[in-house]
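Structural characterization, general
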Amino acid sequence: MRVFKSLVLLFLVPVVRGSMVQLKNGGYEDIVIAINPELPENHNIIRNIQDMVKEASTYLFTATKQRFFFKAVKIIIPLHWLTKPEYLSVKTESYDKADVIVANPSLKYVDEPYTQQYKGCGEKGRYIHFTPNFLLNDSLHNIYGSRAKVFVHEWAHLRWGVFDEYSYDAPFYLSVNSGKETVEATRCSADVTGKYIFQSCTGNSCMTRDCEYDQQTKLYEAGCKFVPEKTQNAPASIMYMQSLPSVVEFCDQSTHNEKAINMQNKMCNYKSTWEVIMNSTDFSNTSPINSTSPPFETSFSLLQAKDRVVCLVLDVSGSMSENNRIKRLSQAAEIFLLQIIEMDSWVGIVTFHFIAQITSNLRQIVSEDVRQNLTKYLPTLVGGGTNICEGVHKGFEVIKQKYSHLDGSEIVLLTDGEDRGMNSCLTEVKNSGSIIHTIALGPSAAPELEQFSDMTGGLKLYATDTVNSNGLTDAFSGISSRSGNIFGQSIQLESTAQSVAVNQRMHGTVTVDSTVGNDTFFVVTWDGSTSPPDILLWDPKEKEYRTSNFTVSNLNLRTARLNIAGTAEVGNWLYMIENNHTESQVISMIVTSRPASLTDPPVIVKAHMNKDTSDFPIPMVIYAEVSQGFLPVLGATVMATVEQETGSAVELRLLDDGSGADITKNDGIYSKYFTSFKGNSRYNLKLRVQGRNQTVRLSHRQSRALYVPGYIENGEIKMNAPRPKPSDEDIQAKLGSFNRVATGGSFVVKNVPLGGFTDMFPPCKITDLEAQFEEEKIHLSWTAPGNDFDEGQVDRYIIKMSESLLDLRNTFEDATSVNTSSLVPKPAGTKESFQFKPEYVTIENGTIIYFAICAIDNASLTSEVSNVVQVALFVSPKESLPDSLPKDVINDDVNVSVIVIGALIAVLAVLISVSITVCILYKKNRKGSFELRM
């Protein structure tokens, strides 16, 4: 019965890992728009946000056929802006979890609004990014349209998981209508009219002309732009060019352009954006409103961030004596207090078993002495039962000693036990205004624990009892400020542990890159001897640090810490630790640092799963976002380790190659499917990221408002300024090498069959199929899927072709098959290529053939049909001579140059023949012989 109640509660509590937006009677509430703390105070930003959202509410209401509008919005104002009476305190809202952020652009002068969106069709995005200049500069209206329309465009990305209907990568495509081939702009709907214009600029002077055809691609030349008529009749589509005055709708089944080569067609199986929206839970949970305008005007709450306030609420019940938990807790919490929690934060400490007590009231971190003093209050003794609500109540009491309310405060709640009375404080916790981060330690932690995080927007963390995983330290290290101020945050460079035999050594390299180096700590822990192992550490200039340079903790006799003075040297730090104990022991190395400057953002890694809970056999997806500021970091090696309560950990390499779980290549989002379910339990995610002489680049963001090149008004072409192109110096910055470690929190898997299961995971959908026609052959290429989604190797492929895109999409099985008997599949993630001469097709100019592919594994499970690609067939005309020619007339179809050349060759042959004959006769007369000497 208790397990049943727990499952019921898990279903009743909404999952709020990211956005906390609610939809009530068609009105979106609790939308959070956060202003980055780096921005200087400017109240025009607030005013323009309000104007944008109010206007967008009416536009959204019309576009969704009187179904949705924006009812209530919260704007988070930076801490350093002047306080005003109308400003309220933040509660569980934060910059880190905002739906919209206002921050400086990733590159100067690039103010493109975009949505961080890297999941599948119909899945929510992470956030919308507007720059201050976009909100303040009215001159951008002619490029993007009104801010309100842009907001609705981005909201559709964020909320409903639709994609853009234009393409910078494939701006044109070939189409055949009534037997006539035409070049079309990638757009939706195809009814949007305009001209194809090429613009060339020298300095401030620009010239325009009609576009020319590229003889190789048969499309328009590179740099050609589709310039729309300003006055249109087409009402769609918002996901193509929301800036057009006539556009007030999303493309639906009647207006959708399935031939356009864009992300919407690729990701959503050629469904229109309106079909995807209609399939959303938002749509199914609402009805049209009988009104011509939204029933409510948008209301705004102005919230101001405050100093960070954290109370550690730590379990000291009797079970914490098992598996060395209390000592591991003290080690991890000590690292949090000395290295992780930001300066100027307030910290208190509470311990609990069946009763709770305050061990330290709130203290502000203003010096290293305060940090050291706080560590003295960490627990070392255990005993008693477990009463989680008592601990939470006492934590609230600590915070209220300084503040009259709990709004915006944080509780770090750690427990290893079950508690049947947890439900008694759920309502209080939900309404408290405090954020609760939970750390479940060991296999018996209460299954209801994560509800505290779900209701308050806190982190959900989990640590096993595996000593050499550093799980508890990683959990505490992941609880950093969510204010958006990355320059004050601690960054984990290393966290590794291993069992070291007697007199054996643990070796390693930690790279300190140029973006970090301040407040750098090297921490060594061990679990056997009370005396430290022999430690040797060399900096990049070969300066040596020994055990004597490390400080052994007074609280944790099995922790030694070295704080590097000033800014740590950039480069590789080598360490060697020898186990001088009489028995094997687990030794670990943990390295943290802070940004080196207040101007150059550090490399940051954010890790998470696509959802908190999975019902077997639905796979999960691991995501890692590696960035410097808003610029993606490409080419890194990203390894994910997934631990569960029992059994060995699973390691996976995440990729940014645009295949499998990764929808966009080179966007700094590394992804992988996870299917190694070992049972019904909690799982923990940890990432290790390494870069070796990496480059930061600006990649093409796939979810952004279209930069309109210009308009045609009353027959006159009026071009906008060319889209800004950052210089190589702006888009590339050598990072050298770097190391990062990040925790992705915990997730729960349910309904895994006991005793194992047969293969239930098909190959993943191929999404990067490409095709070319060369030398009368079709060349196909794609990234190989795996036996289980993107792991392993498939058994075979099925390739189909058709002259009808819709037939291939809708009736794949009935389409013409391509002979793939010679195609041997490669391992997942490998580039596949296959070429063949199409059979049953008459190759002639203007023929367009469509191709798609499926993969089949060794259990005969079949993947979804891939993206559909087109090939336009062009045959170069062969020149030939007719069998006979009229005596007096040269046929126009005959190549005159060929005839002339032929005649010259004939004359030359006659002359050569005559010359040879004369020469022979001459020699014969001289020698009386027919011998020819050379």
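Each remark here, short or long, concerns the structure printed above.
Since the structure is predicted, the reported quantities are computational estimates derived from the model, not experimental observations.

Helix and strand content of the protein chain: 18 helices and 48 strands. Among the 934 residues that make up the protein chain, the fraction classed as buried is 54%. A sequence separation of at least 24 residues applies to 75% of the contacts in the protein chain between residues at least 6 apart. When the accessible surface of the protein chain is totalled, it reaches about 41200 Å², and 49% of it is carbon and sulfur.

Look at any regular strand and the pattern is simple: side chains alternate between the two faces of the sheet. As paired strands, strand β23 (residues 505–512) and strand β29 (residues 571–578) are joined by 8 bridges and run antiparallel to one another. Within β29, the position partnered with R505 by the bridge is E578. Pairing analysis gives 5 bridges linking strand β25 (residues 534–538) to β29, with the strands arranged antiparallel. Looking across to β29, one finds that D534 is bridged to E578.

Right, let's talk about helix α11 (residues 368–375) for a bit. Three or more residues of α11 are buried, namely V370, R371, L374 and T375. On an axial view of α11, the arc spanned by its buried residues comes to 140°, and they lie on one face. Buried residues in α11 make contact with α10 (325–340), β17 (346–352), β18 (356–364) and β30 (585–595).

The next subject is the nonpolar core. Grouped together as the largest cluster of nonpolar side chains are 86 residues, with contacts concentrated most on Y28, F70, F130, F151, W155, W160 and F250. The greatest single-element share of this core, amounting to 9 residues, is contributed by helix α2 (residues 43–63). Counting residues in each nonpolar core, the second largest holds 43 residues, with V110, M609, Y683 and F747 among its members.

With that settled, the discussion passes to the environment of L79. Mapped onto the fold, L79 is located in the loop between β5 (72–77) and β6 (88–89). We classify L79 as partly exposed; its relative accessible area is 46%. Apart from the residues lying within four places of it in its own chain, the contact partners of L79 are Q304, A305, K306 and D307.

A few words on the packing of α2 against helix α5 (residues 147–160). Packed helices, taken two at a time, are described by the angle their axes make and the gap between the axes. One can describe the packing of α2 onto α5 by two numbers: an axis separation of 8 Å at closest approach and a directional angle of 70°. The angle between the axes of α2 and α5 places the two elements in the roughly perpendicular class. Of the residues in α5, those touching α2 at N48, M52, V53, E55, A56, Y59 and L60 are R147, A148, K149, F151, V152 and W160. For the contact of α2 with α5, a count of residues per class yields 9 nonpolar, 1 polar and 3 charged.

Note: most residues except glycine have negative phi, and most peptide bonds are trans. Cis geometry is adopted by the peptide bond preceding S189, which originates at C188 and carries an omega value of 5°. Checked against the element boundaries, S189 lands in the loop between β11 (180–185) and β12 (194–202). Even without being a glycine, N323 presents a positive backbone phi close to 50°. With respect to the helices and strands, the residue N323 is situated in the loop between β16 (309–315) and α10. Taking relative accessible area as the criterion, N323 reaches 44% and is therefore assigned partly exposed. You will see that N503, though not glycine, has its phi angle at about 65°, which is positive. Tracing the backbone shows N503 in the loop between β22 (491–500) and β23.

Right, let's get into the state of the cysteines. Enumeration according to the criterion identifies 5 disulfides in this entry. Between the sulfur atoms of C188 and its disulfide partner C251 the distance amounts to 2.3 Å. Its S-S torsion of about -120° marks the bond between C188 and C251 as left-handed, since a negative value means left-handed. Of the two residues, C188 is situated in the loop between β11 and β12 and C251 in the loop between α6 (238–241) and α7 (263–267); the sequence distance between them amounts to 63 residues.

One open sheet accounts for 3 strands, arranged β13-β12-β14; its pairing is antiparallel. Either end of the sheet is taken by a strand with one partner, and the two such strands are β13 (205–210) and β14 (224–228). The mean angle between the axes of side-by-side strands here comes to 45°, regardless of whether they run parallel or antiparallel. Bridge count for β12 against β14 is 5 bridges, and the pairing is antiparallel. In the strand pairing of β14, I197 is matched with K225.

In space, the 6 strands of this open sheet follow the order β18-β17-β16-β19-β20-β21, with mixed pairing throughout. The open sheet has two free edges, formed respectively by β18 and β21 (460–463), since each of these has just one partner strand. Along the sheet, successive strands turn relative to each other by an average axial angle of 15°, direction set aside. Bridging between β17 and β18 involves 6 bridges; their strand directions are antiparallel. By the bridge assignment for β18, V350 is matched with I358. On top of the sheet, α10 reaches β16, β17, β19 (410–415) and β20 (435–441); it is set at about 170° to β16, its chief contact. The sheet strands contacting α11 are β17 and β18, and the helix crosses β18 at an angle near 175°.

The rules behind each value
Residues numbered from 1 in each chain as written. Predicted model: local features only at pLDDT ≥ 70, side-chain atom pairs only at ≥ 80, totals over all residues. Heavy atoms only, no water. Helix = DSSP H or I, 4+ residues; strand = E, 2+ residues; numbered from the N terminus. Buried < 20%, exposed > 50% of the residue type's maximum accessible area, 1.4 Å probe, protein only. Contact = heavy atoms within 4.5 Å. Areas by Shrake-Rupley, 256 points an atom, 1.4 Å probe, with all protein chains shown as cover. Pairing = 2+ DSSP bridges. Arc of directions from axis to C-beta. Core = buried A, V, L, I, M, F, W, Y, C linked by side-chain atoms within 4.5 Å. Axes fitted to C-alpha atoms, helices over the stretch in contact; angles between N-to-C directions. Parallel < 35°, antiparallel > 145°, perpendicular 65-115°, else oblique. Nonpolar A, V, L, I, M, F, W, Y, C, P; charged D, E, K, R; others polar. Disulfide = S-S within 2.5 Å.

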